[in-house]
Amino acid sequence: DSIMQIVFKSIDSTFKDISYYENEISKGFARYNTLLKKDTKINIGTFYSNFNATVLEADQTIWIGLDMYLGKNNPIIKLLPPTALPQYYKDKMEKKYISCDVFFGYLMSSVYRPLGEEFLARMLAYGKIAYIVDLILPDQDEENKFRYSKNELDWCKKNEVYIWQYIIDNKLLYEKDPSKINEFFNDGPYTKNFGKDSPSNIGIWLGYQMISDHAKKTNKSALEIISEDNIQTLLKTYEPD
């Protein structure tokens, strides 16, 4: 197929050498095994996903869809219709997110445990995953771990108190209605009610802040953090900055 050949050539020229990612992911799994007392052995592969998947896991192999990381300025990406990939998603099709995507996806399938249907419980469950990614990939820029730009991460840090106050004022902390809380976890150009400068997935970022605060103030290990299921225990150490 002539179109597929063009895509493959673009992937080949963009990813001539993937040793950096191989090394980063290998070191990450070594830290994962140490932190969570595992003995995980997994293979890494790459594939062309037809612009449908960043990371997949099957048969002890994590597959990276390299076409999803060609970059927003790649001519092929620019030609993709917004019905297939909206602009906000194209803007994040950068290879700097590869290592973080690999581990966030893997931890969601291997470590994630739901804590309840409430907004707070969902934030904390996702926050645990983001916290472990942070420990596994200490050399990655912080914004990459949330698929944020530097400006988006700065916005979150500057507005943490405002975000928290909005949640409290609107009585969302123990809300279970998906129509009221999904917007905090869904991909999009920004988070509804927080303006166009805000990023999406604010619920994950705020959950990470809560878990990070808890870890610092209690000095618990990563394994103890993952095992803690009491949402009030995790909440009571949180102080928005």
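Residues numbered from 1 in each chain as written. Predicted model: local features only at pLDDT ≥ 70, side-chain atom pairs only at ≥ 80, totals over all residues. Heavy atoms only, no water.

Asker: Help me out: how do you make sense of the overall build of the chain in this one?
Answerer: Each helix and strand counted, the chain has 12 helices and three strands in total. Relative to its length of 241 residues, the chain is compact, with a C-alpha radius of gyration of 19 Å against a globular reference of 18 Å. With the principal axes as the frame, the chain shows a C-alpha extent of 55 × 45 × 30 Å. The proportion of buried residues among the 241 residues of the chain is 51%. Put simply, of all contacts in the chain between residues at least 6 apart along the chain, 61% involve residues at least 24 apart. Of the roughly 12400 Å² of accessible surface on the chain, 49% is carried by carbon and sulfur atoms. When the 30 basic and 34 acidic side-chain charges of the chain are each reduced to a single mean position, those positions are 1 Å apart. (Helix = DSSP H or I, 4+ residues; strand = E, 2+ residues; numbered from the N terminus. Rg over C-alpha atoms; globule rule 2.2 N^0.38 Å. Buried < 20%, exposed > 50% of the residue type's maximum accessible area, 1.4 Å probe, protein only. Contact = heavy atoms within 4.5 Å. Areas by Shrake-Rupley, 256 points an atom, 1.4 Å probe, with all protein chains shown as cover. Lys, Arg positive; Asp, Glu negative; His and termini not counted. Charge placed at Lys NZ, Arg CZ, Asp CG, Glu CD.)

Asker: What is the right way to read the side chain of Glu-183 from this model?
Answerer: Tracing the chain through its elements places Glu-183 in the loop between helix H9 (178-181) and helix H10 (202-218). Look at Glu-183: it is buried, it has no salt bridge, and the nearest opposite charge is Lys-192 at 4.7 Å. Setting aside residues up to four positions removed in sequence, Glu-183 forms contacts with Thr-191, Lys-192 and Asn-193. (Salt bridge = Lys/Arg side-chain N within 4 Å of Asp/Glu carboxyl O.)

Asker: I tried to follow the packing of aromatic side chains on my own but got confused; where do I start?
Answerer: For any pair of aromatic rings, geometry is given as the distance between the ring centres together with the angle between the planes. Applying the stated criterion across every chain yields a total of 19 aromatic pairs. Between the aromatic rings of Phe-119 and Phe-185, the centroid separation amounts to 5.7 Å while the plane-to-plane angle is 75°, which identifies the pairing as edge-to-face. Remark: Phe-185 occurs in the loop between H9 and H10 and Phe-119 occurs in helix H6 (residues 119-136); sequence separation between them is 66 residues. By the burial criterion, Phe-119 is buried, and Phe-185 matches it. Through pairs of rings, three or more aromatic residues link up here, namely Tyr-112, Phe-119, Tyr-126, Trp-155, Tyr-162, Tyr-166, Phe-184, Phe-185 and Phe-194. Residue placement shows Lys-95 over the ring face of Phe-15; its charged tip is 5.5 Å from the ring centre. (Phe/Tyr/Trp six-rings, centres within 6.5 Å; stacked < 30°, edge-to-face > 60°. Lys NZ or Arg CZ within 6 Å of the ring centre and 35° of its normal.)

Asker: Before we go on, may I ask you to explain the sheet that holds strand S2 (residues 55-58) in this structure?
Answerer: Strand-to-strand pairing in sheets goes through backbone hydrogen bonds, with the strands running parallel or antiparallel. If you trace the three strands from one edge of the open sheet to the other, you get S1-S3-S2, paired in mixed fashion. Single-partner strands in this sheet number two, and they are strand S1 (43-47) and S2. Going across the sheet, the axis of each strand differs from the next one's by a mean of 25°, ignoring polarity. As paired elements, S2 and strand S3 (residues 61-65) share four bridges and run antiparallel to each other. Note on S3: the bridge partner recorded for Val-55 is Ile-64. (Pairing = 2+ DSSP bridges. Axes fitted to C-alpha atoms, helices over the stretch in contact; angles between N-to-C directions.)

Asker: Looking at this model, I keep getting lost on the environment of Phe-119. Mind explaining?
Answerer: For Phe-119, a relative accessible area of 0% translates into the label buried. For Phe-119 and Gly-207, which are 88 residues apart along the polypeptide, the C-alpha to C-alpha distance reads 10.0 Å. Once you skip the residues sitting within four places of it in the chain, Phe-119 turns out to touch Ile-167, Leu-172, Leu-173, Glu-175, Ile-181, Phe-184 and Phe-185.

Asker: Is there a simple way to explain the pattern of salt bridges in this structure?
Answerer: In a structure, side chains of opposite charge can pair up when their charged atoms sit close to one another. Here the structure, examined in full by the defined rule, presents 12 salt bridges. The partner of Lys-41 in a salt bridge is Asp-39, with the nearest N and O atoms 3.1 Å apart. Both residues of the pair, Lys-41 and Asp-39, count as exposed. Between Lys-157 and Glu-142 there is a salt bridge, with the nearest N and O atoms lying 2.9 Å from each other. Here Glu-142 lies in the loop between H6 and helix H7 (150-158) and Lys-157 lies in helix H7, a separation of 15 residues in the sequence.

Asker: Explain H10 here, please?
Answerer: Because an α-helix completes one turn every 3.6 residues, residues spaced three or four positions apart along the sequence face the same direction. In this model H10 runs 24 Å from its N-terminal to its C-terminal C-alpha over 17 residues, within 8% of the 24 Å that 1.5 Å per residue would give. Extensive coverage of H10 is indicated by the burial of 14 of its 17 residues. Positive backbone phi, at 60°, marks Asn-219, one or two positions downstream of H10. (Expected span 1.5 Å × (residues − 1).)

Asker: How do you make sense of the nonpolar core when you look at a structure like this?
Answerer: Nonpolar side chains tend to gather and get buried jointly when the protein is soluble and globular. Phe-51 and Leu-206 are the most contacted members of the largest nonpolar core, which has 77 residues in total. The greatest single-element share of this core, amounting to 13 residues, is contributed by H6. Setting aside chain neighbours within four positions, we find Leu-206 in contact with Met-123, Glu-160, Ile-163, Trp-164, Ile-167 and Tyr-238. (Core = buried A, V, L, I, M, F, W, Y, C linked by side-chain atoms within 4.5 Å.)

Asker: How do you make sense of unusual backbone geometry when you look at a structure like this?
Answerer: In the Ramachandran plot, Phe-51 falls in the positive-phi region, its phi being about 60° despite a non-glycine side chain. Inspection of the secondary structure puts Phe-51 in the loop between S1 and S2. When its relative accessible area of 12% is taken as the criterion, Phe-51 is described as buried. Unlike most non-glycine residues, Asp-59 shows phi in positive territory, near 50°.

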